[in-house]
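Descriptive analysis of the structure
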Amino acid sequence: MLEEARARDAADPLAEYRDRFALPQGVIYLDGNSLGALPKATASRLSEVVTGEWGEGLIRSWNSAEWIGLPQRVGGKIAPLIGAAPHEVIAADSTSVNLFKLIAAALAMRPGRKVVLSEPGNFPTDLYMVEGLARQGLAECRLAPREALVGNLDESVALLLLTHVHYRTGALHDIAALTAAAHRAGALVLWDLSHTAGALPVDLAAAGADFAVGCGYKYLNGGPGAPAFAYVAERHHAALEQPLTGWMGHAQPFAFADAYVPGEGMTRLLCGTPPVLGLAALEVGVDLIAEIGVARLYAKSRELSDFFLRCLADRGPIVELVSPPDPAARGSQLSFRHPHAYAVSQALIARGVIGDFREPDVLRLGFAPAYLRFADMETAARHLAEVLDKGEWRRPKFAERAAVT
Ligand SMILES: Cc1ncc(COP(=O)(O)O)c(C=O)c1O
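Residues numbered from 1 in each chain as written. Predicted model: local features only at pLDDT ≥ 70, side-chain atom pairs only at ≥ 80, totals over all residues. Heavy atoms only, no water.

**Digging into the domain arrangement of the protein**
Domain boundaries in the protein define domain 1 (2–30 + 294–399) and domain 2 (43–291). Inter-centroid distance (C-alpha atoms) of domain 1 to domain 2 is 30 Å. Each partner contributes to the interface: domain 1 provides 25 residues, whereas domain 2 provides 19 residues. Taken together, the two surfaces of domain 1 and domain 2 that pack against each other cover about 1,800 Å², and 61% of this comes from carbon and sulfur. A per-residue breakdown of the area domain 1 buries against domain 2 is headed by Val-294, Tyr-298 and Gln-333, which together make up 27% of the total. Taken together, the links from domain 1 to domain 2 amount to one salt bridge. Between Glu-291 and Arg-20 there is a salt bridge whose closest N-O contact spans 2.8 Å. Our enumeration of links across domain 1 and domain 2 arrives at ten residue pairs in polar contact (both at pLDDT 80 or more). Every element with two or more residues in the side of domain 1 that touches domain 2 is listed here: helix H10 (294–313), strand S12 (333–337) and strand S15 (362–366). No other element matches the four residues that H10 contributes to the side of domain 1 that touches domain 2. (Domains from an automatic or database assignment. Contact = heavy atoms within 4.5 Å. Buried area = accessible area lost by both parts, 1.4 Å probe. Salt bridge = Lys/Arg side-chain N within 4 Å of Asp/Glu carboxyl O. Polar contact = N/O pair within 3.5 Å; in protein donor to acceptor, adjacent residues only side chain to side chain. Helix = DSSP H or I, 4+ residues; strand = E, 2+ residues; numbered from the N terminus.)

Printed below as a string of structure tokens:
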């Protein structure tokens, strides 16, 4: 397998991009689906923004360095990665906050309907945001397993809220089919693209999607706590009312008027002052992913995960795959079930293979194709097989849970 890996790396059209990332020696990083790696250009860009734009330009940089337009500019660059027009996407806040704004906006657009339909096991923050709105008396949460979602779309449903790539298993939803089903029932749809943006091609426009959100710190490599993005189809812009009516979403923030008047288009999604340093870092990551191209990244991610599975299979049936076996049915990750998945993940990290653990028993390995090699797949599969064969995960130190992993 190692020979095949080397041959495939030599023929890989994306191989050159690995050098654009600052990766530590001796580490195989299979967690780019949680926190993307650092693009080398980020440090110099941030230093320019900090010392030049902030240090020298001071407050003048809101205009001279165009800080004020960063949410729209960075959003506009994310747009083509998700099949949206530049004016339909804005980079702002966290995914959680954007969920809150858009769930509330959708409920306001469907008076007489209160149900937000989702699935059990959706990413917790998505469900918690609905719960928060339910406590305010504004929403009612309904959960149905994925095979029963369409059957639960009735005249009480205001919004279908789903995550395209499931964070734990990597299983995909069919965006176009579910959006069409929701629309037939008179409901709107909000897609969480946190594990999609920068990894899988999606065409929100072709699917007729209403709303979307997603993280900037995963496959977009925007850095820890990077701003997230929000998408609203242009046809909803005029009617969109979101409840976090902060001054930056005002039509004229510097008029300092007492009454709120929403800004044009996606500007009304803004709430407070844009986080300039975070947006500057995110822009570097987005530029790099856009340069490589999502179609090429997706093609390589499928090849990498398929090759990883073959390398594992070569060593016998050692661990149960939780992700869909069909690469077309999963995102850029593989999840495996093991009763001691946490300890397995820690034993792997001790060997330099960084993946992660998700409750209750899932070892999750993400494949960010911009900086991973086929040889990494062979090595990581070998380490996993050895950790399991040798029972290395049984060492007491691997069972101790840290607060944040
Ligand atoms: C699917 C999904 N949605 C939302 C979030 C939360 O995003 P944020 O921390 O930006 O609110 C995550 C974080 O991992 C996620 O995986």
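Having seen it, we continue.
**Quick notes on the site of the ligand**
Lining the immediate surroundings of the ligand are 13 residues, of which Ser-96, Asp-192, His-195, Tyr-217 and Lys-218 lie closest. At a separation of 2.6 Å, a nitrogen atom of the ligand approaches a polar side-chain atom of Asp-192. Against a free-state accessible area of 400 Å², the protein chains account for coverage of 85% of the ligand. Looking at the shell around the ligand, the elements with two or more residues in it are helix H5 (95–109) and helix H6 (124–135). (Near = heavy atom within 4 Å. Areas by Shrake-Rupley, 256 points an atom, 1.4 Å probe, with all protein chains shown as cover.)

**Describing unusual backbone geometry**
Cis rather than trans, the peptide bond between Glu-359 and Pro-360 has omega equal to -5°. Notably, Glu-66 is not glycine yet its phi reads approximately 55°, a positive angle. Examined against the element boundaries, Glu-66 turns out to sit in the loop between helix H3 (61–64) and helix H4 (70–78). Judged by relative accessible area, which is 49%, Glu-66 ranks as partly exposed. With phi around 50°, Asp-93 is a residue other than glycine that occupies positive phi space. Relative to the elements of secondary structure, Asp-93 occurs in the loop between strand S4 (89–92) and H5. (Buried < 20%, exposed > 50% of the residue type's maximum accessible area, 1.4 Å probe, protein only.)

**A closer look at the packing of aromatic side chains**
Under the defined criterion, the tally for this structure stands at eleven aromatic pairs. The interplanar angle of 75° and the centroid separation of 5.4 Å between the aromatic rings of Trp-247 and Phe-254 together place this pair among those described as edge-to-face. Judged by its relative accessible area of 38%, Trp-247 is partly exposed. Their ring planes at 25° and their centres at 6.0 Å tell us that Trp-247 and Phe-256 sit as a pair that is stacked. The class of Phe-256 is exposed, set by a relative accessible area of 58%. Among the aromatic side chains, those forming a connected cluster through ring pairs are Phe-21, Tyr-29 and Tyr-371. (Phe/Tyr/Trp six-rings, centres within 6.5 Å; stacked < 30°, edge-to-face > 60°.)

**Brief notes about the sheet that holds strand S9 (residues 211–214)**
Read from one edge to the other, the open sheet built from seven strands follows the order S4-S10-S9-S8-S7-S5-S6, with strand pairing classed as mixed. A strand with exactly one partner marks an edge of an open sheet, and here the two such strands are S4 and strand S6 (140–143). Within the sheet, the average angular offset between the axes of one strand and its neighbour, ignoring direction, is 20°. Here three bridges tie strand S8 (residues 188–192) to S9, and the two strands are oriented parallel to one another. (Pairing = 2+ DSSP bridges. Axes fitted to C-alpha atoms, helices over the stretch in contact; angles between N-to-C directions.)

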